[in-house]
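Listed below are the residues making up each chain.
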Amino acid sequence: MAATVLDGRGAARALTAEVFGQISELSYTPRLVFIRAGDDPASGAYVRSKSRMAERAGIRAETRLLDSGTEQVELMRLISELNDDRDVDGILVQLPLYPHLDSRPVLAAVDPAKDVDGFNPINVGRLWSGEPGLFPATPMGLIRLLDHYRIPITGRHVVIVGRSNLVGKPAAGLFLRRDATVSLAHSRTRDLTSLTAAADIVVAAAGVPAMITASMVKPGAVVLDVGQSPVDGTLRGDVAPDVADVASALTPTPGGTGPMTVAMVIANTLSAARSRRSTDG
């Protein structure tokens, strides 16, 4: 069989249009501030992509570029200022930071009500306790993509390969909240193939190009490829091309889960604006 391509770009456009429609009915314009304190080229491109999509959705976006001489205390001071600015609805600190900067206190310093990346420990706790909050964009994008294509989640066995704080762990929490049965695999997992071959939905998020092959996937399974590794000048996912011959649906790389990540940042900004401004009165 030939797998259905889960077009993240199309799903992201649909979500952006939905957000634009909701923002057009507001009496204010949500404001999103990106902080870039690093020199990773991919991160720079990602920030520009997020900013463009935010503007298309009707969000006022701006980027604070910090040079390599920025000290930890300066970055923390900037976050504090943005936290106190009642006109700012969302704050996103783009990772990775310059090597001398510690991301842990930085992410923890972002006001949970403005934390559109969902990395503040308070939002992490809300995710796992079943409470409402702002949650990481990439895992949220996976859920939204499946919903866009009307692929059921409830009762399905989901195997997530990769246990990072950015994708794997929060994805497990989000799928559990949707009543899936979740297995979280990692580098120490024994007999990974037997685990993935039993899954209805496989999420490949290990950052290892082509590690998931056709022999590791149950016929008819849905495969979501989060991996984006540069190989010979191109981006390669964690899923090998031959998986398309076995899976019922598959995300491409690029153009699959990446656009959904950007779109969910925009959706989170709208959620943050609505929540905090209603609280502020």
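Small disclaimer: the values here were computed from a predicted structure and weren't measured. All chains use their own residue numbering, which begins from 1 and follows the written sequence. Given that this is a predicted model, residues contribute local features only at a pLDDT of at least 70 and side-chain atom pairs are listed and counted only at 80 or more, while totals for whole chains, interfaces and linings are drawn from all residues. The side-chain quantities take in all heavy atoms of the structure and omit both hydrogens and water.

Some words on the overall build of the protein
Inference 1: Comment: elements are numbered from the N terminus, with helices defined as DSSP H or I runs of at least four residues and strands as E runs of at least two. On a plain count of helices and strands, the protein comes out with nine helices and 11 strands.
Inference 2: Here the protein has a C-alpha radius of gyration of 19 Å; the compact-globule value for 281 residues is 19 Å, and the two agree.
Inference 3: Overall, the protein is about 50 × 40 × 35 Å in size when its C-alpha atoms are taken along their principal axes.
Inference 4: Two residues qualify as a contact provided that any one of their heavy atoms is within 4.5 Å of a heavy atom in the partner residue. Long-range pairs, those at least 24 residues apart, make up 73% of the contacts in the protein between residues at least 6 apart in sequence.
Inference 5: In short, Shrake-Rupley with a 1.4 Å probe defines the accessible areas, and a residue's cover is counted only from the protein chains shown. Per element, the accessible surface of the protein, about 12,700 Å² overall, is 52% carbon and sulfur.
Inference 6: Separation of charge centres in the protein, based on 29 positive and 30 negative side chains, amounts to 3 Å. Atoms counted for the radius of gyration: C-alpha only. Globule rule: 2.2 Å times residue count to the power 0.38. By the counting scheme adopted, Arg and Lys are positive, Glu and Asp are negative, and His together with the chain ends is not counted. For the purpose of locating charges, the reference atoms are NZ of Lys, CZ of Arg, CG of Asp and CD of Glu.

Some words on the sheet that holds strand E6 (residues 181-185)
Sheet strands line up and pair through hydrogen bonds in the backbone, either parallel or antiparallel.
Inference 1: A pair of strands is considered paired only if DSSP assigns at least 2 bridges between the two. Pairing is parallel in the open sheet, where six strands are placed in the order E1-E11-E8-E7-E5-E6. Where the open sheet ends on each side, the last strands, each with one partner, are strand E1 (4-5) and E6.
Inference 2: Angles here are taken between N-to-C directions and fall from 0 to 180 degrees, while the axes themselves are lines fitted to C-alpha atoms, restricted in helices to the stretch in contact. Sitting on the sheet, helix H6 (residues 137-148) is in contact with strand E7 (201-204) and strand E8 (222-225), with an inclination near 140° to E8.

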